[in-house]
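# A structural walkthrough
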Amino acid sequence: MFYLCTPIFIPKLVGKEIKYILAIESSCDDTSAAVLCNKKVLSNVVATQKIHEEYGGVVPELASRAHQQNIVPVVHQALSKANIDKKQLSAIAFTRGPGLMGSLLVGTSFAKSLALGLNIPLIEVNHMQAHILAHFIENENPTPQFPFIGMTISGGHTQIVLVRDYFDMKILGETLDDAVGEAFDKSAKILGLPYPGGPLIDKYAQLGNPKKYQFTKPRVSGLNFSFSGLKTGILYFIQKETKNDPAFISKNLNDICASIQYTIIEILMDKLHKAVQQTGIKQIAIGGGVSANSGIRKALKNSVQTHGWSTYIPKFEYCTDNAAMIGIVGYLKYLENDFAKQEITAKARYKIA
Ligand code: KG4
Ligand code: ZN
């Protein structure tokens, strides 16, 4: 189907117009711009901000400054990679929230100005909705059928959502404190690993015994999560063990990581099972950076065989924060003529309606 989206030759599909959407994402520490031709991604450029590594977490003020520096080159690169001139764009989609206010303001202001300058529609996008609708980006994978259960797991979010239609979603549960990615990253920090430590925990976990150490799982009712107690439990455990043996971490790193990962995955899977029980829906679509974790992938794969679930995980580049997922929502909203006004402002707290 590639030729259908080649800009030069064919201006129209049969019964379906070609739309080029420029999408902008700047909710946290990734500056990203993408160009979509209808549901197909022509480019998806992400500038990851390395500056936060030395602080062990995202520093909001530094993030917004880096967005300011990155946004023009990133948009420029997205357009040139897609081989699209800005005059060909049908609309500009941008992340309105949730996220860090300073970061959101950069993308929001840029999108508003560009839409005004080009005299084309502006489309506001909820970042959490976008993580879920990333599954509808055109690619070779099968897409989930409505209704399905979406689980967004990343450094900023942990949410289980009932998805009845593109824009008919209901939050079934979410974290009451830390996000699951933070649980990985903070545990890694306790072990002296660099930020973000999630992928490193995953790496070492694959070489260790997941049942060597037991950590207490939080007792949270319903489909909500809590990870801050687990982090404290891990901290006290490590403090106690290193008091007896200062080399405890280095001697047992693989087993510690495997046990932490095992506990976190059990927490996520327990809630998913509950969600399936509660809704009777066995289609599970996950997203967010933690979807890259080998433990969750394995657990979901097992559930296909043992529980008859259908599971969906987008390509990794569409799991982490990216503008392509903003673009697919932009396109779907374009079809509904759901446009934003120039008066629109960024929204740091923005629930999925
Ligand atoms: O979606 P994302 O790129 O950014 C947001 O936080 O929104 O997710 C980043 C998070 C970090 O906490 C990182 O440690 C975690 O995803 N992560 C992982 C893995 N890869 C990324 N956590 C566990 N295992 C992984 N393989
Ligand atoms: Zn995100």
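Rules behind the numbers
Residues numbered from 1 in each chain as written. Chains lettered and ligands numbered in written order. Predicted model: local features only at pLDDT ≥ 70, side-chain atom pairs only at ≥ 80, totals over all residues. Heavy atoms only, no water. Donors = N, O, S within 2.8 Å, 3.2 Å for Na, K, Ca; no water. Tetrahedral: all angles 85-135°; square planar, octahedral: opposite > 155°, others 65-115°. Helix = DSSP H or I, 4+ residues; strand = E, 2+ residues; numbered from the N terminus. Buried < 20%, exposed > 50% of the residue type's maximum accessible area, 1.4 Å probe, protein only. Pairing = 2+ DSSP bridges. Axes fitted to C-alpha atoms, helices over the stretch in contact; angles between N-to-C directions. Contact = heavy atoms within 4.5 Å. Expected span 1.5 Å × (residues − 1). Arc of directions from axis to C-beta. pLDDT = per-residue confidence, 0-100. Near = heavy atom within 4 Å. Polar contact = N/O pair within 3.5 Å; in protein donor to acceptor, adjacent residues only side chain to side chain. Areas by Shrake-Rupley, 256 points an atom, 1.4 Å probe, with all protein chains shown as cover. Nonpolar A, V, L, I, M, F, W, Y, C, P; charged D, E, K, R; others polar. Core = buried A, V, L, I, M, F, W, Y, C linked by side-chain atoms within 4.5 Å.

## Re the coordination of the zinc ion (ligand 2)
With distances of 2.1 to 2.5 Å, the protein atoms coordinating the zinc ion (ligand 2) are His 127 (NE2), His 131 (NE2), His 157 (NE2) and Asp 321 (OD). Bound by four donor atoms, the zinc ion (ligand 2) shows angles of 92 to 155° at the metal and therefore irregular coordination geometry. Each donor residue of the zinc ion (ligand 2) belongs to the same chain, with the gaps between them written as H-x3-H-x25-H-x163-D. Of this pair, His 131 sits in helix H3 (residues 127-133) while His 157 is found in the loop between strand E8 (148-153) and strand E9 (158-165), placing the two residues 26 residues apart along the sequence. Taking relative accessible area as the criterion, His 131 reaches 1% and is therefore assigned buried.

## Some thoughts on the sheet that holds strand E11 (residues 283-287)
With mixed pairing, the five strands of this open sheet are ordered in space as E10-E9-E8-E11-E12. Two strands close off the open sheet at either side, each with one partner strand: strand E10 (168-174) and strand E12 (310-312). With direction set aside, neighbouring strand axes in the sheet form an average angle of 25°. Looking at chain direction, E9 and E10 are connected through six bridges and run antiparallel. In the strand pairing of E10, Val 161 is matched with Ile 171. Across the face of the sheet, helix H8 (residues 294-307) comes into contact with E8, E11 and E12 while running at roughly 170° to E11.

## Focus: H8
The terminal C-alpha atoms of H8, which comprises 14 residues, lie 19 Å apart, in line with the 20 Å expected from a rise of 1.5 Å per residue. Along H8, the residues classified as buried are Gly 295, Ile 296, Ala 299, Leu 300 and Ser 303. The arc enclosing the buried residues of H8, seen along the axis, measures out at 130°, which places them on a common side. Structural note: H8 exposes Lys 298, Lys 301 and Gln 305 on the side pointing more than 90 degrees away from its buried face. Considering only its buried residues, H8 is in contact with E8, helix H5 (198-205), helix H7 (248-279), E11 and E12.

## Some words on the confidence of the model for the protein chain
Predicted confidence across the protein chain gives a mean pLDDT of 94, with 95% of residues reaching 70 or more. Low pLDDT, under 50, characterises residues 6-15; the predicted model gives this stretch 12 contacts beyond four residues in sequence or across chains.

## Regarding the site of ligand 1
Looking at ligand 1, there are 18 residues lining it, with Gly 155, Asp 185, Asp 202, Gly 289 and Asn 293 nearest. One of the backbone N or O atoms of Gly 181 is found 3.3 Å from an oxygen atom in ligand 1. Contact between ligand 1 and Asp 185: an oxygen atom at 2.6 Å from a side-chain N or O atom of the residue. Across the complex, the protein chains shield 88% of the 550 Å² of accessible surface that ligand 1 would expose by itself. Grouping the amino acids of the shell around ligand 1 by side-chain chemistry returns five nonpolar, 10 polar and three charged.

## Some words on the sheet that holds strand E3 (residues 20-25)
Read from one edge to the other, the open sheet built from five strands follows the order E5-E4-E3-E6-E7, with strand pairing classed as mixed. In this open sheet, the two strands that pair with only one neighbour each are strand E5 (40-48) and strand E7 (122-126). Pairs of neighbouring strands in the sheet enclose a mean axial angle of 20°, with direction left out of account. Here six bridges tie E3 to strand E4 (residues 30-37), and the two strands are oriented antiparallel to one another. Considered in E4, the bridge of Ile 24 is made with Ala 33. Most of the contacts of helix H2 (residues 101-118) go to strand E6 (residues 91-97), to which it runs at about 155°, and overall it touches E3, E6 and E7. The strands touched by helix H10 (residues 324-335) are E3, E4, E5, E6 and E7; relative to E3, the strand with the most contacts, the crossing angle is about 135°.

## Quick look at the nonpolar core
Core analysis: the biggest nonpolar cluster contains 46 residues, and Leu 191, Phe 227, Ile 264, Leu 268, Leu 272 and Ile 296 have the highest contact counts within it. Among the elements of the structure, E8, E9, helix H4 (180-190), H5, helix H6 (228-244), H7, E11 and H8 are those that each provide at least two residues to this core. Take this core: its biggest share by element is 15 residues, from H7. When residues no more than four places from it in sequence are discounted, the contact partners of Leu 191 are Ile 238, Ile 249, Leu 253, Ile 256, Cys 257 and Ile 260. Ranked by size, the runner-up nonpolar core spans 33 residues in total, among them Ala 93, Phe 148, Met 169 and Ile 352.

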